[in-house]
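# Remarks on the overall topology
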Amino acid sequence: MVFPKDFLWGGATAAHQFEGNYQGDGKGLCSADCVTRGDGRKNIQRRVTFKMPDGKTGSQVVFPYADLPKGAIVQCLEDEYYPTHEAVDHYHHFKEDIALMAEMGFKCYRMSINWSRIYPLGYGKVNEEGLKFYDELFDECLKYNIEPVVTLFHFETPLQLVNEMGDWIDRRCVTYFVEYCKTVFTRYQNKVKYWMTFNEINNMEILPLYAGGMVRNDDQAKAIGSYHQFLASAKAVKLAHQINPDMKVGMMIAYTACYALTCNPVDELKKMKDDQIRHFYMDVQCRGAYPAYKLKEYERKGIVLPIQEDDLKILKEGTVDYIGFSYYSSSCVSGDPKREITSGNMTTSVINPYLEKSAWGWLIDPMGLRIALNQLQERYQLPLFIVENGLGALDHFEDGAIHDDYRIDYLRKHVQAMKDAIEIDGIDLMGYTPWGCIDLISAGTGEMQKRYGFVYVDNDDLGNGTKKRYKKDSFYWYQKVIQSNGNDLGDKA
Ligand code: P53
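Quick look at the structure, then. (Residues numbered from 1 in each chain as written. Predicted model: local features only at pLDDT ≥ 70, side-chain atom pairs only at ≥ 80, totals over all residues. Heavy atoms only, no water.)

### Quick look at the packing of helix H13 (residues 405-423) against helix H14 (residues 473-483)
Two elements in contact, H13 and H14, have axes whose closest approach is 10 Å; the angle formed by their N-to-C orientations is 20°. By the angle between their axes, H13 is roughly parallel relative to H14. In the packing of H13 onto H14, the handedness of the crossing is right-handed. Contact residues: Arg407, Ile408, Leu411, Arg412 and Val415 in H13; Asp473, Ser474 and Trp477 in H14. When the residues that make up the contact of H13 with H14 are grouped by side-chain class, the tally is 4 nonpolar, 1 polar and 3 charged. (Axes fitted to C-alpha atoms, helices over the stretch in contact; angles between N-to-C directions. Helix = DSSP H or I, 4+ residues; strand = E, 2+ residues; numbered from the N terminus. Parallel < 35°, antiparallel > 145°, perpendicular 65-115°, else oblique. Left-handed = near helix turned anticlockwise from the far one by under 90°. Contact = heavy atoms within 4.5 Å. Nonpolar A, V, L, I, M, F, W, Y, C, P; charged D, E, K, R; others polar.)

Right, here's the structure in full:
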């Protein structure tokens, strides 16, 4: 038996991409509710919409991001379509959805609490109906012995914080976030053991609206936004341990294995610098201090952090219990600026001639997952949890059946890579939660047709459809994988 017997097999979702009911039962608006739909294959970016004080409307693409105009109030506009408003209506299908997860044999389910359901304004009055919804959801999981794994912040900034203070640039967000954490830690301490603070915290680099509801995009603003999130995360870790010492709190990062295109030292140096961009977030959250390369960079750029008394002690004391990370693809870098770039998952990868791409241009690299696991364990010696992985693909639906052998193939190779990492390299891996286990809205593009799930949802890019759920071939494949604890990967003869 390669996988530990308590290995957490499961799947992952995020509230704004899955739940819908965006204003129901007292929920406030969140930043993600004001982002339109794009089209990944046509390279049409999603936009965040706003109104100016004179009533004029406007929008700004979320990638590449730029400062919003001064005075802009982020909001939903009439005549625009926002895919997260209804999403796939998990809010009203959660019993059915959890039952499907149980049927696959899930040991855990990674989901996010939408902060704006609990605190509609981000602070102030608690919304009991929001708390009740997650109570029922957790009870449903526990009924089937499914361990909830909860992300506290998955691109879901209460809109009030964006418009009132520009979000994480303002230190009050630290206080409000910790207050929110206190509420949910206290309420769910006997139902939820595994938590994660900020989803893909490193998206502050390239998607600051998602990662921090930021209205500014300059390096100084983003450095401060991250600084505040580090503080908030460290405080949350400490608080969780005080409330219930059994609770484990992890960090969450978008990770890619990064290769130098050639053995030319300029390529290798570029790889080293590229790795530092990712490792920075882990260095702070796992080691509890800012690394020298980042402090030097800030010095060069004239960036000053708003450090207050005790802050550095808080960072030191609030290091995380485990590393959660998403892994979709690897990246490849070259010191030569003229090299052709591939779209990738918003990374600046050059084309790697050894790898195939998904329909959305993401490089497929299972061996890179094994390499990533090794890099992370060597550097941090913390338990690792793959909390997102999968293939976003177009599915063909016919007579209630979806034959998604391409997805099975992708996942099989990645599970095999995990197996090798455990068996050959001695990696301490806690679990695996493939992304979008039931089809949901894409975060990057806002599309529905970019599907990851084991379960198909009848819903199209404009929200038309019955929202009925159908099991794909991969549903039965994953069921077998879990049943055999990773021994039976349904290998092709
Ligand atoms: P989609 C890229 C862009 C936005 C979010 O992505 C991303 C990434 C990948 O690093 O991160 C995660 O839906 C994210 C999920 C998201 C998933 O990747 O663009 O945590 O919310 O859905 C997949 O295909």
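### Things to note about the site of the ligand
Around the ligand there are 17 residues in total, and Glu200, Glu388, Ala443, Gly444 and Tyr452 lie nearest to it. Between the ligand and Glu388, the relevant distance is 2.7 Å, taken from an oxygen atom to a side-chain nitrogen or oxygen of the residue. Compared with its free state, where it exposes 480 Å², the ligand has 98% of that area covered by protein. Here the shell around the ligand is composed, by residue class, of 8 nonpolar, 6 polar and 3 charged. (Near = heavy atom within 4 Å. Polar contact = N/O pair within 3.5 Å; in protein donor to acceptor, adjacent residues only side chain to side chain. Areas by Shrake-Rupley, 256 points an atom, 1.4 Å probe, with all protein chains shown as cover.)

### With respect to helix H12 (residues 366-380)
End to end, H12 covers 22 Å across 15 residues, agreeing with the expected 21 Å (1.5 Å per residue, within 8%). Buried within H12 are the following residues: Pro366, Gly368, Leu369, Ala372, Leu373, Asn374, Leu376, Gln377 and Tyr380. Two residues or fewer past H12, Gln381 is found with a positive phi of approximately 50°. (Expected span 1.5 Å × (residues − 1). Buried < 20%, exposed > 50% of the residue type's maximum accessible area, 1.4 Å probe, protein only.)

### Here's the deal with the state of the cysteines
Using the criterion set out here, one finds 0 disulfides in the structure. A disulfide-free cysteine, Cys34 has its sulfur positioned 3.8 Å from the sulfur of Cys76, the nearest such atom. Note on Cys34: relative accessible area 0%, which makes it buried. No disulfide involves Cys181; its sulfur sits 12 Å from that of Cys173, the nearest cysteine. Cys181 gets classed as buried once you look at its relative accessible area, which sits at 0%. (Disulfide = S-S within 2.5 Å.)

### Observations regarding the packing of aromatic side chains
Here a ring pair, both rings aromatic, is described through the centre-centre distance and the interplanar angle of the planes. Following the criterion strictly, the structure yields 41 aromatic pairs and no others. Between the aromatic rings of Phe230 and Phe280, the centroid separation amounts to 5.5 Å while the plane-to-plane angle is 85°, which identifies the pairing as edge-to-face. Taken together, the positions of Phe230 in helix H8 (residues 219-243) and Phe280 in helix H9 (residues 265-287) put the pair 50 residues apart, joining distant regions of the chain. Residue classification places Phe230 among the buried positions, given a relative accessible area of 2%. Cluster of aromatic residues (ring-pair linked, three or more members): Phe3, Phe7, Trp9, Phe106, Tyr432, Phe454, Trp477 and Tyr478. The cationic tip of Arg451 hangs over the ring face of Tyr456; the distance from NZ or CZ to the ring centre is 4.0 Å. (Phe/Tyr/Trp six-rings, centres within 6.5 Å; stacked < 30°, edge-to-face > 60°. Lys NZ or Arg CZ within 6 Å of the ring centre and 35° of its normal.)

### Looking at the pattern of salt bridges
Overall, the coordinates contain 36 salt bridges when judged by the stated rule. The residue Lys413 makes a salt bridge to Asp409 at a minimum N-O spacing of 3.0 Å. Taken as a pair, Lys413 and Asp409 lie in helix H13 at a separation of 4 residues, close to a single helical turn. Relative accessible area serves as the criterion here: at 43%, Lys413 is assigned to the partly exposed category. The partner of Asp439 in a salt bridge is Lys472, and the shortest N-O contact between them spans 2.9 Å. (Salt bridge = Lys/Arg side-chain N within 4 Å of Asp/Glu carboxyl O.)

### Observations regarding the sheet that holds strand E3 (residues 57-61)
Read across the open sheet, the 3 strands follow the order E3-E2-E4; overall the sheet is antiparallel. Among the strands making up the open sheet, the edge pair consists of E3 and strand E4 (73-74). Relative to E4, strand E2 (residues 47-51) is paired through 2 bridges, and the arrangement is antiparallel. Across the sheet, Phe50 pairs through a bridge with Val74, a residue of E4. (Pairing = 2+ DSSP bridges.)

### With respect to the sheet that holds strand E6 (residues 147-153)
Around the barrel, which closes on itself, the 8 strands sit in the order E1-E5-E6-E7-E8-E10-E14-E15 with parallel pairing between neighbours. Each adjacent strand pair in this sheet contributes to an overall mean axis angle of 30°, direction not counted. Pairing geometry for strand E8 (residues 248-254) and strand E10 (residues 322-326), over 5 bridges, is parallel. Bridge pairing in E10 links Ile253 to Phe325. This element, H9, spans strand E7 (194-198), E8 and E10 of the sheet and lies at about 170° to E8. Against the sheet, H13 contacts strand E1 (8-12), strand E14 (384-388) and strand E15 (429-432), and its axis sits at roughly 170° relative to E15.

### Section: the pairing of E7
Counted residue by residue, E7 has 5 buried out of 5 residues, so it is predominantly covered. In the sheet, E6 pairs with E7 via 4 bridges, with the strands oriented parallel. Residue pairing for E7: Thr151 is matched across the bridge by Met196.

### Brief notes about helix H10 (residues 292-301)
Within H10, burial applies to Tyr293, Lys294, Glu297 and Tyr298. Looking down the long axis of H10, one finds its buried residues gathered within 140° of arc, a one-sided arrangement. The exposed residues of H10 that point more than 90 degrees off its buried face are Ala292, Glu299 and Arg300. The elements touched by buried residues of H10 are H8, H9 and H12. (Arc of directions from axis to C-beta.)

### Re the pairing of E14
Extensive coverage of E14 is indicated by the burial of 5 of its 5 residues. Both E10 and E14 contribute to a ladder of 4 bridges, which runs parallel. Counterpart to Phe325 in the pairing with E14 is Ile386. Judged from the 3 bridges that link them, E14 and E15 form a sheet pairing that is parallel.

By themselves, these figures tell us nothing about what the structure is for.
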